[in-house]
Every structure is written in C-alpha cells, then in structure tokens.
Amino acid sequence: MPRRPLARTYRPQRFAEVLGQEAPVRALAAASARRELAAAYIFSGTRGIGKTTIARIFAKALNCEKGPAEDCCDACPACRDIAEGRSLDVLEMDAATHTGIDDVRELREAAQYPPSRKGRYRVFIIDEAHQLSQAAWNGLLKILEEPPPWCVFLLCTTEPHKIPATIESRALHFAFKSPSTAEIREHLARIAEREGLEPTGEALDLLAKAAQGSVRDGLSALDQVRALAGKAIDGAAVREALGLVPEEAVRDYVRAVGRGDAAAALAVLDGVEREGHDLRGFAAEALERVRALALAKAVGSRPGAPPIAPDELESFRVEQLVWLGKVLDETEARLRQGGPQRVLLDLATIRMTAMADLTPLEELAQRIGSGPAGRQAPPAPPGPAPASPRRRGGSPGPSAPASPPPKRSAPQAPPDDASLLPRLAEAAAAITGRVGSFLRQAKSARLEADGRLVISIARSRAFWKTRLETPAAREAIVKAAAEVLGGAPPSVEFRLEGETAEPGAARPRNRDALERASRDPIVRELFERFDAVLLGGEALPGPEGPPAPDGPAPEAPR
Ligand SMILES: [Zn+2]
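Summary of the structure given here.

What counts and how
- Residues numbered from 1 in each chain as written.
- Predicted model: local features only at pLDDT ≥ 70, side-chain atom pairs only at ≥ 80, totals over all residues.
- Heavy atoms only, no water.
- Helix = DSSP H or I, 4+ residues; strand = E, 2+ residues; numbered from the N terminus.
- Contact = heavy atoms within 4.5 Å.
- Donors = N, O, S within 2.8 Å, 3.2 Å for Na, K, Ca; no water.
- Tetrahedral: all angles 85-135°; square planar, octahedral: opposite > 155°, others 65-115°.
- Core = buried A, V, L, I, M, F, W, Y, C linked by side-chain atoms within 4.5 Å.
- Buried < 20%, exposed > 50% of the residue type's maximum accessible area, 1.4 Å probe, protein only.
- Pairing = 2+ DSSP bridges.
- Axes fitted to C-alpha atoms, helices over the stretch in contact; angles between N-to-C directions.
- Expected span 1.5 Å × (residues − 1).
- Salt bridge = Lys/Arg side-chain N within 4 Å of Asp/Glu carboxyl O.
- Phe/Tyr/Trp six-rings, centres within 6.5 Å; stacked < 30°, edge-to-face > 60°.
- Polar contact = N/O pair within 3.5 Å; in protein donor to acceptor, adjacent residues only side chain to side chain.

## Some remarks on the overall build of the chain
Right, on to step 1. For the chain, the count of helices and strands is 25 helices and 10 strands.
Right, on to step 2. Within the chain, residue pairs in contact and separated by at least 24 positions form 72% of the contacts whose partners lie at least 6 positions apart.

Here's what the structure looks like:
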C-alpha cells in the first residue's frame, strides 16, 4: 500500500499548527473568538504557502461546536465534517475551473439560505480567485453590497492585484509571507524525527533550501528522498533524489573561475548540462559557494558554515569574491527571467575569469601612492599603446631608480583674495541656493582697484558663465557681495579665463600631456576597473615636463 504523502499527513489542522504566519493567524484567531467578521477576506501569497489550509482552519474555528474560541478543536462533528469536505456550510470552489455565470447564480442562492444550524456560518472558500470571470465578480459584488450576516467569503489568490478594487475595498486583505529557510529546516527536522528518519545536517539544509519557502514542497522533497534512500538520509542522497548539482562540480567551477581558467570552468558547465541539471540552480549554488568563501575570508569560520580548505580560501582575494558574487547574482537573476541559460552562463564565466588577471587593488593603490617617480615611464607619444600589465600576487611593478619624488614648483602668489569666491558663494547660497552652486563652478573672484567685482570662469566651463549672467543670478551676487565686502560693488563682471590670452597657444601641449596620461598603465587600469573616463588633468614637473598652461579640456579619451 502506498505511503500517505507527508504533506497530507502533516497538513496543519488548527491555527496552533500553522508555521510562520504569526501576524495573520493571530488576527484571524482574534476575529474568530470575538465574532467580529468581515464579509470577505483576501488571502494572498505564493503557491504552496498554505492559503487554503488557513482558510479551512478559519472555517472550522467559526463553526466549531466548542466555539466561539480562537482556535478550532478539530474533533467535534462540525470540525470533522469540514476537514473531510462534507460540511453543508463550508463550500469550496476553484475559480480556475468554475468561472461561469451558472456558478454565480448558485453562489447567490447558497448565500441567501441560512446555515444548517443557528450560530454557524456559511463559508465560501474560492481558490485561485483572480481567475473569476467578470460576471462572477459582478455577482459577488451584489452579495457583498448587502451581505447576509452568516456569509463569509475567503478569496485565496496568488495574484491579489487582479482582484477588482470594488471587491478589495469591501474585504480584509492578509498577505501571507513565506516561512524562512531556517523555519522550514526546523519543521522538517521535527517531522523527520516523528517519522523515524535520520537526516544529516547537510541533508536538512539542502531540503529546506529546495523547498523555496513552501512547507508543502519541502515535505514532498522529503517524501522523494525517503523513497530513494530509506531512513538514513545524507546530502548525497538528497542531491541524487532531487537532481541537485553535485557539490564537487560547484566547487571545481568556482575554483577554476577564481584562478582565471576559463577552459576548466566551461568544462564543468559542459558536464553539468550533459547530466541534465538545471543551470539556473547551478548558478545559484555557485553564488552560495562564493558567499561562503567571502564570509570565511572576511570573518573566519562560523558555526554551520560549509567546510573550506585553507589553501582554497588562500587562493581568493576578498574584492575578487565580491566581484564574482556580483556577476553571479546578476546572471542568476537574468536566468530566472528566462534568459538563454548556457549563453548567459558562458558570458558570465568569461567575465569572471578575466577578472582574475587584474592587478590587486592594494597593489594598484600602492603604485599610485608611490608618486610620479615610482610610476612606470609612459611610452613616447608616437609609440603604440601598451597593454595593461596583468599580474597577480604581490610583486610591485618595475620602478624608476630610487630618488626622492621631484617637488612641485611653488605656486605663484594668487593675485586676488583666495577666500573671496568661497565667501561669496556661501553668502549667495543663503540668498538663492542655486546661485551659490553656480558660483562654486567659477575659478576665482577678485576686486579691481576701482571696486569692480570680477569673477573668472574657466573656458571649459563657459556654460556656467551664461547661468551667472542672468539678471536674477546677478542680483543675488550683488547682494552677496554687499554682505561680504560691506557694500555693493559698482558693477559685476564675468570673464572667461584666458579670454585675453591667445586661445590656441596652450592647446597642443596640454592635450599632449593628457594623451600620454591616458596611455599610462595605471590610468588605463583605472579606466578598466572603475569604468572611469579622463575629464582633464594637470601635468606634473619631472618626467612629464613643466606644468602645462591652462587650456581647454580635451574630450574624454572614450
Ligand atoms: Zn470543533
């Protein structure tokens, strides 16, 4: 004789047995005890979360002969009739199969008749309620406009947004949340014990994860494994019974990706695909593995964490693991939306293995920090652009002979009060916020001998000059100047920096310096790592020559 499914045997029969729905269950239990009822309830949540189970328990609590109470007794004739589906007062219908007008008519007639005994309720449980036809909704609305006092409608749905607003406004809505993986694990452990099964900790972990928030699915999985493995259940048995990806494949894949071995990583994918495993599940497991490695790297070993060999941990850098996690997470999300599985995973694999070659961030920071003298000399301008140096692990780049970094030439004494512009900007911001931020785009401000206020703007920021010249901005600046200088200046002038100088003169040299900078291996690495662009720059004395005079900023190199 076939064994009864665990999901049926352990289906909750009372509120007290429901797992992980504390808030809605408490509200429904209180409503049952006080008999303070709405005419309609919406129970929403994902498939297998227990919506109809809770609806039946609620119906039992309302009609239990021991009531009114918070929970049903599950033993009296009324409770048993409902549990066995032969109660005259509790009607269940599935909207997916019964959506026609005839059923609505039946529903309306059934709603008009009082329940079989005084003090009971007629409870209508409508499953997949979002699939009701328009005619059915209209009929239901008619009933809800003047509901008979004994009628309670329980609308169960996975898609509450499809319930018409006219119905929703007359109903109480309970959104059920999925129990956590830890709650499901605990529940499965309890039931396994009652069934005389002996699952290992790893087996319980895998089963709880496979349940994906549904107690029913978790129990079905346990059924499946028991049929294959018998009483003693270990991780391998669970993987085999549920078709989960073997752990070694996940480990091999992550290790191959970590050392930048694309061929080995793709070979693992081949094997996984050949054995008919789900690639999305594989991506999720790889992500889980990367997470475990990152946690072990960051905080050391934790109780319950999967075992990780020290040399394996050693071969990863934290930033690398964070990056791998990011790519795998994005890939898994796209696979869930139904993207082409193998294509997406192949591309993700290539992306991740390419990352393994990049210079560690600390090393890069060190090389930048060591100043211009420590940098590799950039190639001569006409030469071809070299590839970025691709190294791993420690060894610093070749550097120029050790010598103190050349000092920057002392800046010329500013011809104007350096603090004037910031003070003006602050005062203007207090008058009109945006004029303050416009002023911060300027280069300098100075007071001429005749009292005129001159504000200079770099040529590359000519746009801001037009914003500053509007009458409103000008007025705010005059007010701000009056405050800062103790009196309004006779006039305010805006000048583009270098307007009097010959505009073309500075151009070639500065552009030349920026072009050379964009070929610098460190700068190139920054482009690659941070998706950076070069907006402008200032040449330093030393290997690159004297400071370039101001000139227009060139376009970004890409
Ligand atoms: Zn009862």
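So, next bit.
## Side note on the coordination of the zinc ion
Right, on to step 1. Note on the zinc ion: its protein donors are C64 (SG), C73 (SG), C76 (SG) and C79 (SG). The metal-donor distances range over 2.3 Å.
Right, on to step 2. Geometry at the zinc ion is tetrahedral, judged from its four donor atoms and the angles of 102 to 120° they form at the metal.

## Considering the nonpolar core
Right, on to step 1. With 32 residues, the main nonpolar core has F15, Y41, F43 and L154 as its most contacted residues.
Right, on to step 2. Elements supplying a minimum of two residues to this core: α2 (22–34), β1 (40–44), α3 (51–63), α4 (77–83), β3 (122–127) and β4 (151–157).
Right, on to step 3. Per-element accounting of this core gives the leading share, seven residues, to α3.
Right, on to step 4. For F15, the contacting residues outside a window of four places in its chain are V25, L28, A29, I54, I57, F58, A61, E70 and D71.
Right, on to step 5. Judged by nonpolar contacts, the second largest core, of 29 residues, contains V245, L279, A296 and L321.

## Observations concerning unusual backbone geometry
Right, on to step 1. The residue after G67, namely P68, is reached through a cis peptide bond having omega -5°.
Right, on to step 2. With respect to the helices and strands, P68 occurs in the loop between α3 and α4.
Right, on to step 3. In this structure, D74 takes a positive phi of about 65° despite not being glycine.
Right, on to step 4. Residue placement: D74 occurs in the loop between α3 and α4.
Right, on to step 5. Given a relative accessible area of 17%, D74 falls into the buried group.
Right, on to step 6. We note that Q212 has phi near 45°; this positive angle belongs to a residue other than glycine.
Right, on to step 7. Note on Q212: relative accessible area 64%, which makes it exposed.

## Quick word on the sheet that holds strand β2 (residues 90–94)
Right, on to step 1. Spatial ordering of the open sheet is given by β2-β3-β4-β1-β5, a layout of five strands whose pairing is parallel. Single-partner strands in this sheet number two, and they are β2 and β5 (171–175). In this sheet, adjacent strand axes meet at a mean angle of 15° when their direction is disregarded.
Right, on to step 2. Where β1 lies against β4, five bridges are found, and the strand directions are parallel. Note on β4: the bridge partner recorded for S44 is T157.
Right, on to step 3. Helix α6 (residues 134–145) contacts β1 and β4 of the sheet and is inclined by roughly 145° relative to β4.

## Considering α6
Right, on to step 1. Between its first and last C-alpha atoms α6 spans 16 Å; for 12 residues at 1.5 Å apiece the expected length is 16 Å, and the two agree.
Right, on to step 2. All buried positions along α6 are accounted for by A136, W137, G139, L140, L141, I143 and L144.

## A look at the pattern of salt bridges
Pairing of side chains with opposite charge becomes possible as their charged atoms draw close.
Right, on to step 1. Using the criterion set out here, one finds 39 salt bridges in the structure.
Right, on to step 2. Ionic pairing is found between E84 and R86, a salt bridge with its closest N-O pair at 2.1 Å.
Right, on to step 3. Classification of E84 by relative accessible area gives partly exposed; the value is 43%.
Right, on to step 4. Put simply, D450 and R452 hold a salt bridge, and the shortest N to O gap is 2.9 Å.
Right, on to step 5. On the basis of relative accessibility, which here comes to 48%, the residue D450 falls in the partly exposed class.
Right, on to step 6. Where salt bridges share partners, they join K60, D74, R80, D81, E84 and R86 into one cluster.

## Thoughts on the packing of aromatic side chains
Right, on to step 1. A full pass over the atoms with the stated rule returns seven aromatic pairs.
Right, on to step 2. Each ring, one from F124 and one from F153, has its centre 4.8 Å from the other, and the planes form 15°; the classification is stacked. Of this pair, F124 sits in strand β3 while F153 sits in strand β4; the two residues are 29 residues apart in sequence, bridging distant segments of the chain.
Right, on to step 3. Of the residues examined, F124 reaches a relative accessible area of 1% and is grouped as buried.
Right, on to step 4. Taken together, Y41, F43, F58, F174 and F176 form an aromatic cluster joined through their ring pairs.

## Here's the deal with the side chain of H130
Right, on to step 1. Note on placement: H130 falls in the loop between β3 and α6.
Right, on to step 2. Judged by relative accessible area, which is 10%, H130 ranks as buried.
Right, on to step 3. Among the polar contacts listed, one links the side chain of H130 to the side chain of T157, at a separation of 2.7 Å.
Right, on to step 4. Apart from the residues within four sequence positions on either side, H130 is in contact with W137, T157, T158, E159 and K162.

## Overview of the sheet that holds strand β9 (residues 453–457)
Right, on to step 1. Taken together, the three strands give an open sheet; going across it, the order is β8-β9-β10, and neighbouring strands pair in mixed fashion. Each edge of the sheet is formed by a strand with only one pairing partner; in this case those strands are β8 (444–447) and β10 (492–496). Direction aside, the axes of adjacent strands within the sheet are offset by 20° on average.
Right, on to step 2. Note: β8 against β9, four bridges, orientation antiparallel. Paired with R446 across the bridge in β9 is V454.

On their own, these measurements won't tell you what the molecule is for.
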